[in-house]
Amino acid sequence: MPMSNAFQERLFPSLEKIAAHFGTPFHIYDEAGIRATGRELQQTFAGIAGFREYFAVKALPNLRILELMRDLGFGFDCSSIPELVMSRSIGARGDDIMFTSNNTSPEEFLAAEAEGGCILNLDDISLIAKVPRFPETICFRYNPGPRRTGNVIIGHPEEAKYGVTHEQVVEAYRLAKARGAKRFGLHTMVASNERDYTYIVQTAVMLLEVVEMVQQELDIRFDFVNIGGGLGIPYRPTDEPLNLAAIGREVTALFTQFRQKHGYAPRMLMESGRYITGPHGALVTTAINHKDIYRKYIGVDACMSSLMRPALYGAYHHISVVGKEHLPKSEVYDVAGSLCENNDKFAVQRELPPIAEGDLLVLHDTGAHGHAMGFQYNGRLRPKELLLRTDGTVELIRREETVDDYLATQQFTADSIRV
Ligand SMILES: *Cc1c(COP(=O)(O)O)cnc(C)c1O
């Protein structure tokens with residue numbers, strides 16, 4: 001069931017008031033829901049000593065949200081310098097940060113080791129020689145290639161640009177050891193929005209097998225394995241939710257078996273984004289136009305600058321029309337933004353109740369990869385973000401962009417050279 005009932009019950013009765021005060025469009029996030037899901041994840045893996053979630057910052061890069069993650073005891077999965085800067089600005093240091101970049105630049109290596117460093121996760125064997133000061137703790141991203149298939153969004157690992165191959169993995173740790181590494185981690189990320197729990201369990205099986213292989217070859221122990229993110233959420237009312245409890249049960253058993261066999265077990269890390277915040281966010285937008293041509297259109301005051309997923313991957317986001325949740329869905333609409341791109345539609349041929357201009361539309365499950373993916377094409381600016389606090393207050397946690405923001409990168413000290 002998309003978007004929790006509890007969030008709807010907290011949000012919908014106050015939406016007119018919130019919209020009147022802040023103006024639409026906005027994304028709004030539910031602190032109580034985010035905290036509850038965070039605790040659920042921790043309880044699920046409490047049987048694995050040292051379990052820690054590293055929130056994938058790219059899913060919802062807002063400082064107030066990152067503070068919530070810090071309060072939950074989570075670390076931060078970063079893959080760019082601004083993400084490192086944000087995480088450090090709310091106090092994350094050292095092992096609180098895992099830096100998983102791809103096609104890494106020299107500037108990124110310097111930023112990773114600055115300010116107390118972080119856990120460095122290398123994406124390729126050739127990068128070992130390029131790390132300026134080799135850290136004591138090192139991790140590699142593993143790409144299983146043809147050994148794994150099946151996840152719909154990520155596709156075949158063999159075609160993915162990430163990670164070291166199965167054939168390279170032992171050599172990677174050998175080289176890292178030669179450069180002075182003393183603690184080792186192993187990482188992978190082979191799924192996205194995966195709701196089949198067995199796929200996630202198989203990822204843990206795969207990583208523990210690689211750990212066994214490498215430790216046998218090199219006589220090292222592994223401090224941790226990071227099974228990545230990619231836990232799925234139901235976007236459609238008919239989607240089955242992920243069976244998190246089953247993952248917890250089966251993965252905990254795998255770590256227990258590993259401990260029995262080897263006399264120790266690595267810690268388990270995870271870097272979920274979508275699962276933690278996805279269902280606890282919504283995009284609220286106002287219907288401003290009706291258009292009746294070959295199809296019926298509802299024009300809203302948000303567009304793909306606020307939420308790219310439908311246009312980018314045809315993703316489904318459930319829509320509620322506030323105050324009309326229980327009316328029959330007697331109309332078929334395309335719900336469109338204002339961008340000069342025909343794929344700027346939040347819904348295509350969607351059955352909805354009759355919508356009047358001024359109605360508030362709620363697009364569900366925009367709490368991850370929502371605002372963060374927005375862009376400014378066509379001079380369409382990104383909206384504000386609000387947080388519904390557990391005490392019932394609603395707080396502005398990011399203002400909307402202005403024309404001055406849009407022009408800021410074109411206002412600079414004159415610079416030119418003759419060539
Ligand atoms: C995007 C990403 C994540 C988070 O993915 P979700 O689907 O939001 O859980 C985690 N790790 C890496 C390396 C990523 O690129």
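Just so we're clear, the structure is a prediction, and the values are computed from it rather than from any experiment. Every chain begins its residue count from 1, and numbering advances along the sequence as written. Note on the predicted model: pLDDT of at least 70 is required for a residue's local features to be given, and 80 or more for side-chain atom pairs to be given and counted; whole-chain, interface and lining totals, by contrast, use all residues. Calculation of side-chain values draws on the structure's entire complement of heavy atoms; hydrogens and water are dropped beforehand.

### Describing the nonpolar core
Alright, step 1. F45, L122 and Y173 are the most contacted members of the largest nonpolar core, which totals 79 residues.
Alright, step 2. Numbering of helices and strands runs from the N terminus; a helix is a DSSP stretch of H or I covering at least four residues, while a strand is a stretch of E covering at least two. For this core, the element with the highest residue contribution is helix 8 (residues 197-218), accounting for 10 residues.
Alright, step 3. For this core, the domains that each give at least three residues are domain 1 (31-275) and domain 2 (278-400).
Alright, step 4. In this description, a nonpolar core means a group of buried Ala, Val, Leu, Ile, Met, Phe, Trp, Tyr and Cys residues linked to one another through side-chain atoms lying within 4.5 Å. Exposure is judged per residue with a 1.4 Å probe applied to protein chains only, and the accessible area is read against the type maximum: over 50% gives exposed, under 20% gives buried, and values in between give partly exposed. With 17 residues, the next largest nonpolar core counts I18, F22, A282 and V284 among its residues. Domain delimitation follows an automatic or database domain assignment.

### Comments concerning empty space enclosed by the protein
Alright, step 1. Throughout, the protein atoms alone are placed on a 1 Å grid, and a set of points is a cavity if a 1.4 Å probe fits but cannot get out or a pocket if it is open with protein on both sides within 12 Å along at least five of seven lines; lining residues have an atom within 4 Å of a point. Grid points are joined across faces, edges and corners, and a volume is the space filled by probe spheres set on the points. Going through the model one piece at a time under the given rule, you end up with two cavities of 30 Å³ or more.
Alright, step 2. Of the pockets and cavities examined, the largest cavity occupies roughly 60 Å³.
Alright, step 3. Forming the boundary of the largest cavity are 10 residues, of which N143, A160, Y162, M189 and V190 lie nearest the centre.
Alright, step 4. Tallied by class, the residues present in the lining of the largest cavity amount to eight nonpolar, one polar and one charged.
Alright, step 5. If you add up the space inside the second largest cavity, you get close to 30 Å³.
Alright, step 6. Around the second largest cavity sit A191, Y199, I200, T203, I227 and G229, which together line it.
Alright, step 7. Taken together, the residues of the lining of the second largest cavity break down into four nonpolar, two polar and no charged. Three categories are distinguished: nonpolar for Ala, Val, Leu, Ile, Met, Phe, Trp, Tyr, Cys and Pro, charged for Asp, Glu, Lys and Arg, and polar for the others, with Gly belonging to the last.

### Observations concerning the domain arrangement of the chain
Alright, step 1. As assigned here, the chain comprises domain 1 (31-275) and domain 2 (278-400).
Alright, step 2. Between the C-alpha centres of domain 1 and domain 2 the distance comes to 32 Å.
Alright, step 3. Contacts are residue-level and defined by heavy atoms, with any inter-residue pair within 4.5 Å sufficient. With 20 residues of domain 1 at the interface, the matching set in domain 2 holds 21 residues.
Alright, step 4. Throughout, buried area stands for the accessible area (probe radius 1.4 Å) lost by two parts on being put together, summed over both. Both sides together, the interface formed by domain 1 and domain 2 hides about 1900 Å², and carbon and sulfur atoms give 55% of it.
Alright, step 5. In terms of surface lost to domain 2, no three residues of domain 1 exceed E31, R64 and Y235, which account for 33% of the buried area on that side.

### A few points about the pattern of salt bridges
Any two side chains of opposite charge can pair, so long as their charged atoms come close to each other.
Alright, step 1. Salt bridges are defined as contacts in which a side-chain nitrogen from Lys or Arg sits within 4 Å of a carboxyl oxygen from Asp or Glu. What the rule picks out here adds up to 25 salt bridges.
Alright, step 2. Note that E31 is salt-bridged to R35, the shortest N-O span being 2.8 Å. Taken together, the residues E31 and R35, both in helix 3 (residues 31-44) and four residues apart, mark about one turn of the helix. The same class applies to E31 and to R35, which are both buried.
Alright, step 3. In this structure, D71 and R35 form a salt bridge, with 3.7 Å as the shortest nitrogen-oxygen distance. Of the two residues, D71 is situated in helix 4 (residues 63-71) and R35 in helix 3; the sequence distance between them amounts to 36 residues.
Alright, step 4. Salt bridges sharing partners connect three or more residues here, namely E31, R35, R64, E67, R70, D71, R389 and E395.

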